[in-house]
Amino acid sequence: MGPPSSGWSDLVTALGLLLVIEGLALALAPDLLKRLVAEILAQPAHRLRVGGLLSAAIGLAVVWLVRG
């Protein structure tokens, strides 16, 4: 019998999946990720802010659709 389901459990699960995805990306394509990070660093703050907000909104919509 596992721990009771709660918001904390979901948060920890989501963070664990994030680490798995990042770890796989680093292990499978480190040079590509280095180029992507260099490209991100070259972008103006406004563009990163808009991209971050757009990404957060899409993520929120996905969670809302899945969780109802």
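Criteria and cut-off values
- Residues numbered from 1 in each chain as written.
- Predicted model: local features only at pLDDT ≥ 70, side-chain atom pairs only at ≥ 80, totals over all residues.
- Heavy atoms only, no water.
- Salt bridge = Lys/Arg side-chain N within 4 Å of Asp/Glu carboxyl O.
- Helix = DSSP H or I, 4+ residues; strand = E, 2+ residues; numbered from the N terminus.
- Buried < 20%, exposed > 50% of the residue type's maximum accessible area, 1.4 Å probe, protein only.
- pLDDT = per-residue confidence, 0-100.
- 1 Å grid on protein atoms, 1.4 Å probe; cavity = no way out; pocket = protein on both sides within 12 Å on 5 of 7 lines; lining within 4 Å.
- Points joined across faces, edges and corners; volume = space filled by probe spheres on them.
- Nonpolar A, V, L, I, M, F, W, Y, C, P; charged D, E, K, R; others polar.
- Patch = residues over 30% accessible without salt bridge, like charges linked within 9 Å, V, L, I, M, F, W, Y side chains within 5 Å.
- Areas by Shrake-Rupley, 256 points an atom, 1.4 Å probe, with all protein chains shown as cover.

Focus: the pattern of salt bridges
Okay, step 1: Enumeration over the complete set of coordinates arrives at 1 salt bridge.
Okay, step 2: For the salt bridge of Arg-67 with Asp-10, the shortest nitrogen-to-oxygen distance reads 3.2 Å. Taken together, the positions of Arg-67 in helix H3 (residues 45-67) and Asp-10 in helix H1 (residues 7-28) put the pair 57 residues apart, joining distant regions of the chain.
Okay, step 3: Taking relative accessible area as the criterion, Asp-10 reaches 31% and is therefore assigned partly exposed.

Re the confidence of the model for the protein
Okay, step 1: Model confidence for the protein is summarised by a mean pLDDT of 91, while 93% of its residues fall at 70 or above.
Okay, step 2: At the low end of the mean pLDDT range in the protein sits H1, at 93; at the high end sits helix H2 (residues 30-41), at 96.

Remarks on the layout of surface pockets
Okay, step 1: Considered as a void within the structure, the largest pocket measures approximately 240 Å³ in volume.
Okay, step 2: If you go around the largest pocket, the residues you meet are Asp-10, Thr-13, Ala-14, Leu-17, Gly-59, Val-62, Val-63, Val-66 and Arg-67.
Okay, step 3: Every element with two or more residues in the lining of the largest pocket is listed here: H1 and H3.
Okay, step 4: The element best represented in the lining of the largest pocket is H3, accounting for 5 residues.
Okay, step 5: Residue classes in the lining of the largest pocket are distributed as 5 nonpolar, 2 polar and 2 charged.

Side note on the environment of Pro-30
Okay, step 1: Mapped onto the secondary structure, Pro-30 falls in helix H2.
Okay, step 2: Residues Pro-30 and Leu-60, 30 residues apart in the sequence, show an inter-C-alpha distance of 28 Å.

So, a nonpolar patch on the surface
Okay, step 1: A cluster of nonpolar side chains, Trp-8, Leu-11, Leu-15 and Leu-18, forms an exposed patch at the surface whose accessible area comes to about 450 Å².
Okay, step 2: Locating Leu-18 in the fold gives a position in helix H1.

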